[in-house]
Amino acid sequence: MHDELLTIGRFARLCRLSVKQLRHYDEMGLLVPIRVDAGSGYRYYSPEQARDALTIALLREMDLPLAVIARALAAGPDRRAQILRAERDRLAERISRDQARLKMLERLAEGGLPGYEVTLRREPERRLAVVRAVCAPAEIGEKVGECAGRLPAVLGGAGIAWEPPLWGLYPLDLEERMEIAVGAQTSQREGTPGLEFEVLPGGLVAETVHIGPYAQLPLAYNALFAAVHERGLRPQAPVREAYLVGPTEAPQEELMTRLIIPVQESMA
């Protein structure tokens, strides 16, 4: 049997992996050698294991986590396809985010930090009907879109009149899991299933207006938070976005979003 097996060195060359990788995969239980010599500790592999080893190498080249690869190799064909499609969707989402970052870098390279006018003003109290969601920072766009689609339907179904624009409400700190909300100003006061009401107190705010894709909002937030701190003010939650011109009204380059941060004078 020994003659039919491959040493770890030969098997590594055959499968375009390193000996170190094979040892690691053995320790993980991802690719266990057929035989380990009790005296020397040498590992031996069967040629039939080459397919799994090559598949591991291919999927690692695509940056799939080893835990995902292990699940895929252990699964049947249908489940394996589901696992790989899920990774494909995550990759597509990451590419989309990277493309947005690329466009921001191009804009910064061409013109430096954009000049946003940041102003201080008094914001009136607003009473909003809101729907909420909990998400990770990378999911904000998706969840806001879902809430923005759900809110008008709930309001319309309940016969509640509301005033545009839609508002987005966000915490100051982008935590691993956080609550966001989309709201609409209304005078309605009764409870409605699937709907909450939140009063945004009036007071001093710092604000600016962003024109362009939502993916470039970090540029506006950079200017807004910098101005808040430079003026010795303390930002307060929730951060607010008013969608003055939304995706159903104009192309991405013409979207208009008002960014608002409630502020207090710092206590020296």
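You'll find the structure just up there.
Residues numbered from 1 in each chain as written. Predicted model: local features only at pLDDT ≥ 70, side-chain atom pairs only at ≥ 80, totals over all residues. Heavy atoms only, no water.

Asks: Describe the packing of aromatic side chains, listing the residues and the values that go with them.
Replies: For the coordinates displayed, the defined rule picks out three aromatic pairs. Centre to centre, the rings of F11 and Y45 are 4.5 Å apart; their planes meet at 5°, and the pair counts as stacked. Of this pair, F11 sits in helix α1 (residues 8–15) while Y45 sits in strand β3 (residues 43–45), and the two are 34 residues apart along the sequence. Seen from their ring centres, Y214 and Y243 are 5.8 Å apart, and the 70° between their planes marks the pair as edge-to-face. Linking Y214 in the loop between β9 (203–211) and α7 (217–230) with Y243 in strand β11 (residues 239–245), this pair joins segments that are 29 residues apart in sequence. A relative accessible area of 26% places Y214 in the partly exposed class. (Phe/Tyr/Trp six-rings, centres within 6.5 Å; stacked < 30°, edge-to-face > 60°. Helix = DSSP H or I, 4+ residues; strand = E, 2+ residues; numbered from the N terminus. Buried < 20%, exposed > 50% of the residue type's maximum accessible area, 1.4 Å probe, protein only.)

Asks: Kindly report on the side chain of Q49, identifying the contributing residues and their values.
Replies: Tracing the backbone shows Q49 in the loop between β3 and α3 (50–61). The residues contacting Q49, other than those within four sequence positions of it, are F11, L31, V32, P33 and I34. (Contact = heavy atoms within 4.5 Å.)

Asks: Explain the nonpolar core to me, and be specific about the residues and the numbers.
Replies: A general trend in soluble globular proteins is that nonpolar side chains are found buried together. Grouped together as the largest cluster of nonpolar side chains are 36 residues, with contacts concentrated most on V144, L151, L155, Y170, I180 and L195. Elements represented by at least two residues in this core include exactly β5 (126–135), α6 (140–157), β6 (163–170), β7 (178–185), α7, β11 and β12 (256–265). Per-element accounting of this core gives the leading share, eight residues, to α7. In contact with V144, other than residues within four places in its own chain, are Y170, I180, V182 and Y243. Of all hydrophobic cores here, the second largest spans 24 residues; its members include F11, Y45, L59 and I83. (Core = buried A, V, L, I, M, F, W, Y, C linked by side-chain atoms within 4.5 Å.)

Taken by themselves, the reported measurements are silent on function.
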